[in-house]
Amino acid sequence: MLNREHIFSEIEAHIQASAGERFAVLVLRVPGLREISLRFGYAQGEQAEDMAQTLIQHSLRPIDRVFRAGDDSFVVLLPAMLSYNHALLASTRLIQAFEQPLAGTASPWLVRPVMGIALFPEHGPSADRLCRRAGMALDEAQRRGELCVVYQPHDTQIEIFYDELREALDANRLQVFFQPIWNLQENRIAGAESLARWSSVNHGEVSPANFVPFSEQSDLISVLTRWSVNTTLRHVANLPRDQNLGFAINFSPRVLSRPGMVEQLIGALEIWGVPATSVIVEITETTLVNDLDLSVQVLRRLRDHGIRIAIDDFGTGYASIAYLRQFPATELKIDQSLVAAMHSEPHTGKLVRAIINMAHHMDLATTAEGIEDAATQAQLADMGCDYGQGFHLGRPQPAAEFIAQFIAAGTSR
Ligand code: C2E
Ligand code: MG
Ligand code: MG
């Protein structure tokens, strides 16, 4: 088997020889190959790996080089790629090649490749960087359930460096934005959701969709959550007491099972003098919970203190129903993908209506996320949806601005 050093030295040699000419590195995984070994034996598995390699080589140009990188993965060097589209064309040919079951195995076995592509020179100057970035694009393809993704600095899990985020958190350089949550039935403001914003020196505006999952993979998620709780409550503390507003804070399910979570949140409420009933803990259902039983216990304790619990992004992840069964939730946030589609797709509208009814049967309040126009707002209000959030009702804005506006509106009343 050819090893990484060999692949890297071949790519490096190509970089030297190509004199700056554009080429692509494609990393390809065929997850089904491993299953062939496990089901039919290693000899069959190896035969299938050889066949996959031949198939890859035959569906490409003679100048393209295919290297075996592991049991089910390959690295392909695609020289002289004049454009991004050339690389996509190669990936389309590879996908087509695998549309037939692999012949020659004990029983014909259908396997599907997944691939990521990085281009020289724009995505990296070295073999190491190109392979890593093609690998990141491949991870992104797997995450999205697609067959091929070209590396995009802004949408793959970008390489936010640990130290940089840690330092930004320590130096309090992240910001909290508040997005209004609207009471759809009474047509008045009901509170806001707290959303983190990071303006990084090296990466510009980094979306929480990038840095939150990154933080979840390390201890940074605890630091981020602590920061988010304290900063949110610090702003909320500036409001006059009798506002009857709810402030939602996002909690990664990963932090729920960390020791001391409840104490930290309760402690912060005491420090800032914010009543527990003004806080809603939002749990996203798209991230897997490490320890469901422990998370349920933690949420129960939060509930016992009077804190509300919302299941965020309901209807997109795999865990929706499991969460609904087990979490002591008080509300359910209907994901924006459902809300955005309900106007143009009548059956999605029916689904949203059914979710609202189901939630009400379970004594859960409902919030629709991502309301972008008046028609959707009216439709949801009509369906009995309790709360709404979205660009039509108010974009996320700096927390201090939100609070100042609120105070100004109150004093002018
Ligand atoms: P989320 O909790 O579901 O937050 C709603 C997201 O939808 C926000 O994205 C918001 O800006 C966006 N949004 C709101 N209204 C609309 C609309 O009408 N149309 C569209 N297209 N989008 C809308 P954002 O701020 O990028 O946050 C993404 C996710 O990152 C959040 O999703 C939340 O899960 C997570 N997140 C944000 N801040 C924090 C934090 O401090 N801690 C943790 N653990 N997660 C956070
Ligand atoms: Mg949320
Ligand atoms: Mg959401």
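An account of the accompanying structure is given in this report. Since the structure is predicted, the reported quantities are computational estimates derived from the model, not experimental observations.

Comments concerning the coordination of the magnesium ion (ligand 2)
Inference 1: Protein coordination at the magnesium ion (ligand 2): the donors are E193 (OE), N250 (OD1), E282 (OE) and D312 (OD), at 2.0 to 2.3 Å from the metal.
Inference 2: Here the magnesium ion (ligand 2) and the magnesium ion (ligand 3) are spaced 4.1 Å apart, with D312 acting as a shared donor. One end of the pair, N250, is in strand β9 (residues 246-251); the other, E282, is in strand β10 (residues 279-284), and 32 residues separate them in sequence.
Inference 3: Note on N250: relative accessible area 24%, which makes it partly exposed.

Notes on the sheet that holds strand β4 (residues 114-120)
Inference 1: In spatial order, the strands read β2-β3-β1-β4-β5; together these 5 strands make up an open sheet with mixed pairing. Lying at the two open borders of the sheet, with one neighbouring strand each, are β2 (65-68) and β5 (148-150). On average, each strand axis in the sheet is tilted by 20° relative to the strand beside it, whichever way the strands run.
Inference 2: For β2 and strand β3 (residues 73-78), the ladder comprises 4 bridges, and the chain directions are antiparallel. Counterpart to F67 in the pairing with β3 is V75.

Considering the site of ligand 1
Inference 1: In the vicinity of ligand 1 lie 22 residues, with E193, R197, D312, E372 and F391 positioned nearest.
Inference 2: At a separation of 2.8 Å, an oxygen atom of ligand 1 approaches a polar side-chain atom of D312.
Inference 3: Q336 places a polar side-chain atom, nitrogen or oxygen, 3.2 Å from a nitrogen atom of ligand 1.
Inference 4: Those elements that place two or more of their residues in the shell around ligand 1 are β7 (188-200), α7 (208-216), β10 and β11 (308-314).
Inference 5: Split into classes, the residues belonging to the shell around ligand 1 amount to 7 nonpolar, 8 polar and 7 charged.

Let's talk about the packing of aromatic side chains
Inference 1: Applying the stated criterion across every chain, the model contains 8 aromatic pairs.
Inference 2: Considering the side-chain rings of F178 and F402, the 5.6 Å spacing of their centres and the 80° angle between planes classify their relative orientation as edge-to-face. In this pair, F178 sits in strand β6 (residues 175-183) while F402 sits in helix α16 (residues 399-412), placing the two residues 224 residues apart along the sequence.
Inference 3: On the accessibility criterion, F178 (0% relative accessible area) is buried.
Inference 4: For F402, a relative accessible area of 4% puts it in the buried group.
Inference 5: Consider the rings of F247 and F402, whose centres lie 6.4 Å apart with planes at 85°: the pair is edge-to-face. Note that F247 is positioned in strand β9 and F402 in helix α16, a separation of 155 residues in sequence. For the pair F247 and F402, a shared accessibility class is recorded, and that class is buried.
Inference 6: Each residue in the set F178, F247, F402 and F406 is aromatic and connected to the rest through ring pairs, giving one cluster.

Reading guide: rules and limits
- Residues numbered from 1 in each chain as written.
- Chains lettered and ligands numbered in written order.
- Predicted model: local features only at pLDDT ≥ 70, side-chain atom pairs only at ≥ 80, totals over all residues.
- Heavy atoms only, no water.
- Donors = N, O, S within 2.8 Å, 3.2 Å for Na, K, Ca; no water.
- Helix = DSSP H or I, 4+ residues; strand = E, 2+ residues; numbered from the N terminus.
- Buried < 20%, exposed > 50% of the residue type's maximum accessible area, 1.4 Å probe, protein only.
- Pairing = 2+ DSSP bridges.
- Axes fitted to C-alpha atoms, helices over the stretch in contact; angles between N-to-C directions.
- Near = heavy atom within 4 Å.
- Polar contact = N/O pair within 3.5 Å; in protein donor to acceptor, adjacent residues only side chain to side chain.
- Nonpolar A, V, L, I, M, F, W, Y, C, P; charged D, E, K, R; others polar.
- Phe/Tyr/Trp six-rings, centres within 6.5 Å; stacked < 30°, edge-to-face > 60°.

Shape descriptors only; they carry no functional weight alone.
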